[in-house]
Amino acid sequence: MKRYKPVSIVLVVLLMVTMMTGCVNTTPSNNSTPSTPEVIFDAAQFPNWVETEGVWRTVNNGSFKEGAAYAPTPEDLASIMKLTSLTPTSRGFNDYLMVVLKDVDQQVDVVGEGNAHDGTVTVLVFGDRLLPKEESLGGHDQSLDRGYYNVGIATGYLNLGAISYGYGTHMFMTTEYTRGGSTRELTTEEVYLKDKGYKYVLGYDPLKRGDENRAVEAYGNLKFVCAVVIGTMDETAETKVTDKIYHENWVVAE
């Protein structure tokens, strides 16, 4: 499997399109002299690139290169999270929060020894409307279908952003905090949300859950859903990428 070094999503896709389609624009800008060839973005080629490269498949534990040089750069991380923020959530509530862990000890604390290191970042995904109303400090109504939809599709966008920059991902629904036999006295929410002052801002707030800025307190209203480890795949990733048959499970309604 070919590996891309972490670069801009735009550069990755444009380079791919240039190689596969040779699609350029050479129309003279003033109808007299040829303009410099300009690459035309063709999003239709993106699905083919995803399937051909195979980096969209989650990699197995321990498949990330160690060393800070292989971790997502601050610029790449900011762009990945920006793409994630464009997720089309239910009614545009945007009611989730992602907490990025860069500290190695914190990452290992969540996903376990050997699953994260100085070459990775780990994103904790928290969602609203997943707690019973009586357990939500803000009294938010529980709506499991919409709540899980929002964090699910947001995680998908997060994965898409990561692979577009050449990184690999591994997703953990079962962490050191939820693993059977865990004796931890605190929850993921208590450790990584409580007393942090984190808030999430709603894109749409018809229920008036937020303040005047549509900001809502994170702790007490959000529930941990999953952790996503992001890093650079090592040279043996071709044998470590999850090797499953991905069937096309869809039909046209009759």
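Residues numbered from 1 in each chain as written. Predicted model: local features only at pLDDT ≥ 70, side-chain atom pairs only at ≥ 80, totals over all residues. Heavy atoms only, no water.

Engineer: Is there a simple way to explain the sheet that holds strand β8 (residues 223-231) in this structure?
Structural biologist: In a beta sheet, neighbouring strands are held together by backbone hydrogen bonds and run either parallel or antiparallel to one another. Reading across from one edge, β3-β4-β8-β5 is the order of the four strands in this open sheet, with antiparallel pairing throughout. Each having just a single partner strand, β3 (96-101) and β5 (168-172) make up the two edges of the open sheet. Strand-to-strand, the axes of this sheet are offset by a mean angle of 20 degrees, without reference to chain direction. Bridge count between strand β4 (residues 120-127) and β8: eight bridges; the pairing is antiparallel. (Pairing = 2+ DSSP bridges. Helix = DSSP H or I, 4+ residues; strand = E, 2+ residues; numbered from the N terminus. Axes fitted to C-alpha atoms, helices over the stretch in contact; angles between N-to-C directions.)

Engineer: Mind showing me how you'd approach the nonpolar core here?
Structural biologist: Nonpolar side chains in soluble globular proteins tend to be buried together. In this structure, Val-110, Leu-124 and Phe-126 are the most contacted members of the largest nonpolar core, which totals 23 residues. Broken down by secondary-structure element, the contributors of at least two residues to this core are β3, α4 (104-111), β4 and β8. Dropping the residues within four chain positions of it, Phe-126 is found in contact with Tyr-96, Leu-97, Val-99, Val-151, Thr-188, Glu-189, Tyr-192, Leu-193, Leu-222, Lys-223 and Phe-224. Within the second largest apolar cluster, 16 residues are counted, among which are Leu-77, Val-123, Val-125 and Ala-162. (Core = buried A, V, L, I, M, F, W, Y, C linked by side-chain atoms within 4.5 Å. Buried < 20%, exposed > 50% of the residue type's maximum accessible area, 1.4 Å probe, protein only. Contact = heavy atoms within 4.5 Å.)

Engineer: What is the right way to read the side chain of Thr-120 from this model?
Structural biologist: Here Thr-120 lies in strand β4. Owing to a relative accessible area of 2%, Thr-120 belongs among the buried residues under this scheme. Among the polar contacts listed, one links the side chain of Thr-120 to the side chain of Gln-107, at a separation of 2.8 Å. Of note is the side chain of Thr-120, whose polar atom sits 3.0 Å from the backbone oxygen of His-117. For Thr-120, the contacting residues outside a window of four places in its chain are Phe-64, Ala-71, Gln-107, Val-229, Ile-230 and Gly-231. (Polar contact = N/O pair within 3.5 Å; in protein donor to acceptor, adjacent residues only side chain to side chain.)

Engineer: Is there a simple way to think about α4 in this case?
Structural biologist: Residues three or four positions apart in an α-helix share a direction because the helix packs 3.6 residues into each turn. Along α4, the residues that are buried comprise Gln-107, Val-108, Val-110 and Val-111. Down the axis of α4, the smallest arc covering the buried residues is 165 degrees, so these residues share one side. The distance from a side-chain oxygen at the start of α4 to the backbone nitrogen of Asp-105 is 3.1 Å, and the residue carrying that oxygen is Asp-103. Where α4 terminates, the next one or two residues include Gly-112, which has phi positive at roughly 100 degrees. (Arc of directions from axis to C-beta.)

Engineer: I tried to follow the pattern of salt bridges on my own but got confused; where do I start?
Structural biologist: Pairing is possible between side chains that carry opposite charge, provided their charged atoms lie close to one another. Taken as a whole and judged by the stated rule, the model has eight salt bridges. In this structure, Asp-109 and Arg-184 form a salt bridge, with 2.5 Å as the shortest nitrogen-oxygen distance. Placement of the pair is Asp-109 in helix α4 and Arg-184 in the loop between β5 and α6 (188-192), with a sequence separation of 75 residues. The closest approach of N and O atoms between Asp-211 and Lys-199, which form a salt bridge, is 3.8 Å. Residue Asp-211 is found in the loop between β6 (199-201) and β7 (215-217), and its partner Lys-199 is found in strand β6; the two are separated by twelve residues along the sequence. Classification of Asp-211 as partly exposed rests on a relative accessible area of 27%. (Salt bridge = Lys/Arg side-chain N within 4 Å of Asp/Glu carboxyl O.)

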